Amino acid sequence: MAKAVGAEPESLLGIFRDEPRGMRMNYYPPCQQFDKVIGLSPHTDVGGLTLLLQVNDVQGLQIKMVGKWFYVNAINGAIIVNIGDTLEILSNGKFRSVEHRAVVHPNKERLSAALFNYARENLVISPLPEFVKDGKVNYRSISYRDLLFTSQLDGRNRQERLRLEQ
Ligand SMILES: O=C(O)CCC(=O)C(=O)O
Ligand SMILES: [Fe+2]
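Cut-off values and rules
Residues numbered from 1 in each chain as written. Chains lettered and ligands numbered in written order. Predicted model: local features only at pLDDT ≥ 70, side-chain atom pairs only at ≥ 80, totals over all residues. Heavy atoms only, no water. Phe/Tyr/Trp six-rings, centres within 6.5 Å; stacked < 30°, edge-to-face > 60°. Pairing = 2+ DSSP bridges. Helix = DSSP H or I, 4+ residues; strand = E, 2+ residues; numbered from the N terminus. Axes fitted to C-alpha atoms, helices over the stretch in contact; angles between N-to-C directions. Donors = N, O, S within 2.8 Å, 3.2 Å for Na, K, Ca; no water. Buried < 20%, exposed > 50% of the residue type's maximum accessible area, 1.4 Å probe, protein only.

Per an unreviewed UniProt entry, the chain goes by the name Fe2OG dioxygenase domain-containing protein and belongs to Oryza punctata.

J.: In this structure, what is going on with the packing of aromatic side chains? I would like to understand it.
T.: One pair of aromatic rings is described through two measures. These are the centre distance and the angle between the planes. A full pass over the atoms with the stated rule returns two aromatic pairs. Ring geometry for F116 versus Y118: centroids 6.2 Å apart, planes at 20 degrees, classification stacked.

J.: Explain the sheet that holds strand β4 (residues 61-65) here, please?
T.: What holds strands together in a sheet is hydrogen bonding between their backbones, with the strands either parallel or antiparallel. Read from one edge to the other, the open sheet built from four strands follows the order β2-β7-β4-β5, with strand pairing classed as antiparallel. Only two strands of the sheet have a single neighbouring strand rather than two, namely β2 (40-43) and β5 (68-71). Taken over all neighbouring pairs, the strand axes of this sheet differ in orientation by 25 degrees on average, direction set aside. Of the pairings in the sheet, the one linking β4 to β5 comprises four bridges and is antiparallel in character. Bridge pairing in β5 links Q62 to Y71.

J.: What exactly am I supposed to notice about the coordination of the iron ion (ligand 2) here?
T.: Geometrically, a metal with four donors at the corners of a regular tetrahedron has ideal angles of 109.5 degrees, and one with six donors at the corners of a regular octahedron has ideal angles of 90 or 180 degrees. Here the iron ion (ligand 2) is held by the protein donor atoms H43 (NE2), D45 (OD) and H100 (NE2), which lie 2.1 to 2.2 Å from it. Counting gaps between the donor residues of the iron ion (ligand 2) yields the pattern H-x1-D-x54-H. Of this pair, H43 sits in strand β2 while H100 is found in strand β7 (residues 100-102), placing the two residues 57 residues apart along the sequence. Residue H43 shares its accessibility class with H100, and that shared class is buried.

Here it is in structure tokens:
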């Protein structure tokens, strides 16, 4: 990703190397009233990259694009890679975190496992100079701690609040 903007890979790698990882296992029981409930509310992940596996190959992950929800339809056993808010800010918006949610299946249970990579807890996150073209900084700085603790399941609101007016 750093190479995509002509930067040294170390500029991004250095931020996540040897830092904590988190893993979440999600279990979604089947629900006949699948159109009236939600498995996991719309949100973006907070960290760098998320590696996500639909453990028992039941689809349920959806992403929002141009105001509409779409199934991801992942290949069986494939790992889905999502971009998180930290990476969006570091990359000055070159890579955008994806708003996603999980829906439930009417008669199949669903399992997913997500591996998150986090930044150093005392890091102040702001766009890396390598990603700032023409001096245009698109995001306010925020401590990683504050970003983490303002995390809520509220769609893309968190990083939209950090975007600077153009
Ligand atoms: O179950 C899924 O496919 C999504 C899980 C997820 O978004 C998460 O754990 O952050
Ligand atoms: Fe997520």
